[in-house]
Structure formats: structure tokens, C-alpha cells
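The chain contents come next:
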Amino acid sequence: TAPLGPSDCPRITAITMKTAILASLIASAAAFAPATTPATSTSLKVSEQEIGATAPLGFFDPLGYITDDETFERYRAVERKHG
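Residues numbered from 1 in each chain as written. Predicted model: local features only at pLDDT ≥ 70, side-chain atom pairs only at ≥ 80, totals over all residues. Heavy atoms only, no water.

Asker: Can you explain the overall build of the chain? Please cite residues and give values.
Answerer: Looking only at helices and strands, the chain has two helices and two strands in total. Reading the chain from its N end, one meets helices and strands in the order α-β-β-α. Each of the 83 residues in the chain was classed as buried or not, and the buried ones make up 4%. Accessible surface, the chain as shown: approximately 7800 Å² in total, 65% of it carbon and sulfur. (Helix = DSSP H or I, 4+ residues; strand = E, 2+ residues; numbered from the N terminus. Buried < 20%, exposed > 50% of the residue type's maximum accessible area, 1.4 Å probe, protein only. Areas by Shrake-Rupley, 256 points an atom, 1.4 Å probe, with all protein chains shown as cover.)

Take a look at the structure:
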């Protein structure tokens, strides 16, 4: 091919500008595309008997709010419901 001369300069500039505009359109469209990430679960996968109880100590209650098993079960249910 022949070397590019001064008369080809506007043509090259137009091609470069069109390429830049096309690239910016693709980038802006990709910014609003939905992400395809799998749904993750944040729930704990533990046994119901293990929550709040330790084998040698019983229920962990440093402030003394739990007076009996019924109170502990109620607090556990409320915590599960409200987080």
C-alpha cells in the first residue's frame, strides 16, 4: 500500500472517532447489564441443639437474661425471626 498523505488525515480521524464512539457505547451498555451471580444463602447451617449452648457450660448468657429453657427457646425464636 502507498504511504498515507495529508489528504488521508481527515479519513483516519473520522475512523478513529467512530471507533471511540462505538467503544464508549459498548462500555456504557455493559455498565447497565444485569450481573449473573448465583444467589448465596446467609443462613447458618447448624443443628438446632447447638445454637447458644456449649457442652460443659450450658447456655452462654453472660448478662443473666435466661432464667429457664422456655425463655431461651423464646429468645432463640425471636432472634431467628428478627435477625
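Asker: Give a description of the confidence of the model for the chain that names residues and reports values.
Answerer: Predicted confidence across the chain gives a mean pLDDT of 74, with 64% of residues reaching 70 or more. Across the chain, helix H1 (residues 9-31) holds the top mean pLDDT of 85, while strand E1 (residues 53-54) sits lowest at 58. (pLDDT = per-residue confidence, 0-100.)

Asker: Quick one: what's the story with the pattern of salt bridges, residue by residue and with numbers?
Answerer: One pass over the structure, following the stated rule, counts one salt bridge. Its salt-bridge partner being Glu 73, residue Arg 76 comes within 3.8 Å of it at the nearest N-O pair. One end of the pair is Arg 76 and the other is Glu 73, both in helix H2 (residues 69-82) and three residues apart, which spans about a single turn. Residue class for Arg 76 comes out buried when judged on its relative accessible area of 10%. Accessibility expressed as a relative area gives 42% for Glu 73, which makes it partly exposed. (Salt bridge = Lys/Arg side-chain N within 4 Å of Asp/Glu carboxyl O.)

Asker: Can you tell me about a nonpolar patch on the surface, naming the residues and giving the values?
Answerer: Taken together, the side chains of Leu 63, Tyr 65 and Tyr 75 make up a nonpolar region of the molecular surface, amounting to roughly 370 Å² of accessible area. Looking at the element boundaries, Leu 63 is found in the loop between strand E2 (58-59) and H2. (Patch = residues over 30% accessible without salt bridge, like charges linked within 9 Å, V, L, I, M, F, W, Y side chains within 5 Å.)

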